[in-house]
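Coordinate inspection notes
Residue strings, one per chain:
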Amino acid sequence: MRVKFVCVILFILTACSKPPAEYPLAGAPVGKPMETARIKEGSLFFRGLDDRMLNSLELPNPYSDYVYVIYPGRHRLFGMNIQSGHILMPEDLRCYSMEVNLDAGVEYVIDEVKDKEEAILRRQDNGQVVARGKKYEQKDAYTGPCSMKK
C-alpha cells in the first residue's frame, strides 16, 4: 500500500512540474531548444549580451525557474555576482565579462569562482567548463549596477 501511495505522489509531482520559463534575447526563438543555446544563472547573475546590458524588463523573477534563450555562435556575456543579502555588511559588487562560443541544443550555467575572482560558463549536462571570464569592475554594493566594459 505504501509503495503505491509513494508512486502516485511521485507521478503527480512529475506531471505537475513544468519546464522552465524561456526568456529570449536578441530575437532568439522560444520552444526550439535544439536550435538555440540556453543559459541558466548559477552563482552569477547574467546581465548582458554582446555589449548590451539587459534592461529591467528582460530580467525575470530571480526566484522562478527560467532560462535565457540565445542564438548559438560567438558572444560576449556579462555577469554580476549574487549578493549575500547581509544588509549591514554587503559584499562588493563584482562585474565579469567573457567571450564564449555557444552550441545549439546545449544548456549552460554561468557561475562565479569567488576565490579566483573569475566567471565560468559550464555545460549543464556534463559540468565541462567551456569559457572563463575576468572581473572588469568592482564597486560598493549600493553604487548601482555594472557598467559596460568597452
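Heads up: these notes are all about the structure in this document. (Residues numbered from 1 in each chain as written. Predicted model: local features only at pLDDT ≥ 70, side-chain atom pairs only at ≥ 80, totals over all residues. Heavy atoms only, no water.)

**A few points about the packing of aromatic side chains**
What the rule picks out here adds up to five aromatic pairs. Here the aromatic rings of Tyr 23 and Tyr 66 are separated by 5.9 Å at their centres, their planes lie at 90 degrees, and the arrangement is edge-to-face. Remark: Tyr 66 occurs in strand 5 (residues 66-70) and Tyr 23 occurs in strand 1 (residues 21-24); sequence separation between them is 43 residues. A ring pair is formed by Tyr 66 and Tyr 68, whose centres lie 5.8 Å apart and whose planes are at 85 degrees; its orientation type is edge-to-face. Both residues of the pair, Tyr 66 and Tyr 68, belong to the buried class. (Phe/Tyr/Trp six-rings, centres within 6.5 Å; stacked < 30°, edge-to-face > 60°. Helix = DSSP H or I, 4+ residues; strand = E, 2+ residues; numbered from the N terminus. Buried < 20%, exposed > 50% of the residue type's maximum accessible area, 1.4 Å probe, protein only.)

**Side note on the sheet that holds strand 6 (residues 73-81)**
Reading across the sheet, the 10 strands line up as 1-5-2-8-9-10-7-6-3-4 and stay open at both edges, with mixed pairing between neighbours. For this open sheet the edge positions go to strand 1 and strand 4 (52-53), each flanked by a neighbour on one side alone. (Pairing = 2+ DSSP bridges.)

**Considerations on the environment of Ala 119**
Relative to the elements of secondary structure, Ala 119 occurs in strand 9 (residues 118-123). Overall, Ala 119 belongs to the buried group, its relative accessible area being 0%. Note: C-alpha distance between Ala 119 and Ser 97 (22 residues apart in sequence) is 7.6 Å. In this structure, Ala 119 is in contact with Leu 44, Tyr 96, Met 98, Asp 111, Ala 131, Arg 132 and Gly 133, ignoring residues within four places of it in sequence. (Contact = heavy atoms within 4.5 Å.)

**Here's the deal with the pattern of salt bridges**
Across all of its chains, the model carries 12 salt bridges by this definition. Here Glu 117 ties to Lys 135 by a salt bridge, and the two come within 2.8 Å at their closest N and O atoms. Of this pair, Glu 117 sits in the loop between strand 8 (107-113) and strand 9 while Lys 135 is found in strand 10 (residues 129-139), placing the two residues 18 residues apart along the sequence. The exposure class assigned to Glu 117 is partly exposed, which follows from its relative accessible area of 33%. In this structure, Glu 118 and Lys 134 form a salt bridge, with 3.9 Å as the shortest nitrogen-oxygen distance. A residue pair is termed long-range when its members are at least 10 positions apart, and Glu 118 in strand 9 and Lys 134 in strand 10 qualify at 16 residues. Exposure remark for Glu 118: the relative accessible area of 7% places this residue in the buried category. For Lys 134, a relative accessible area of 54% puts it in the exposed group. (Salt bridge = Lys/Arg side-chain N within 4 Å of Asp/Glu carboxyl O.)

**Re the pairing of strand 5**
Along strand 5, five of the five residues are buried, which leaves the element largely enclosed by surrounding structure. Taken together, the three bridges between strand 2 (residues 37-41) and strand 5 define a ladder with antiparallel strand orientation. Counted as the bridge partner of Ile 39 is Tyr 68 from strand 5.

**Quick notes on the nonpolar core**
Counting residues in each nonpolar core, the largest one holds 21 residues, and the members touching the most others are Ile 39, Phe 46, Leu 77, Met 98, Leu 102 and Leu 121. Among the elements of the structure, strand 2, strand 3 (44-49), strand 5, strand 7 (93-102), strand 8 and strand 9 are those that each provide at least two residues to this core. Here this core gets four residues from one element, more than from any other, and that element is strand 7. Grouped together as the second largest cluster of nonpolar side chains are seven residues, Phe 45, Phe 78, Leu 93 and Cys 146 included. (Core = buried A, V, L, I, M, F, W, Y, C linked by side-chain atoms within 4.5 Å.)

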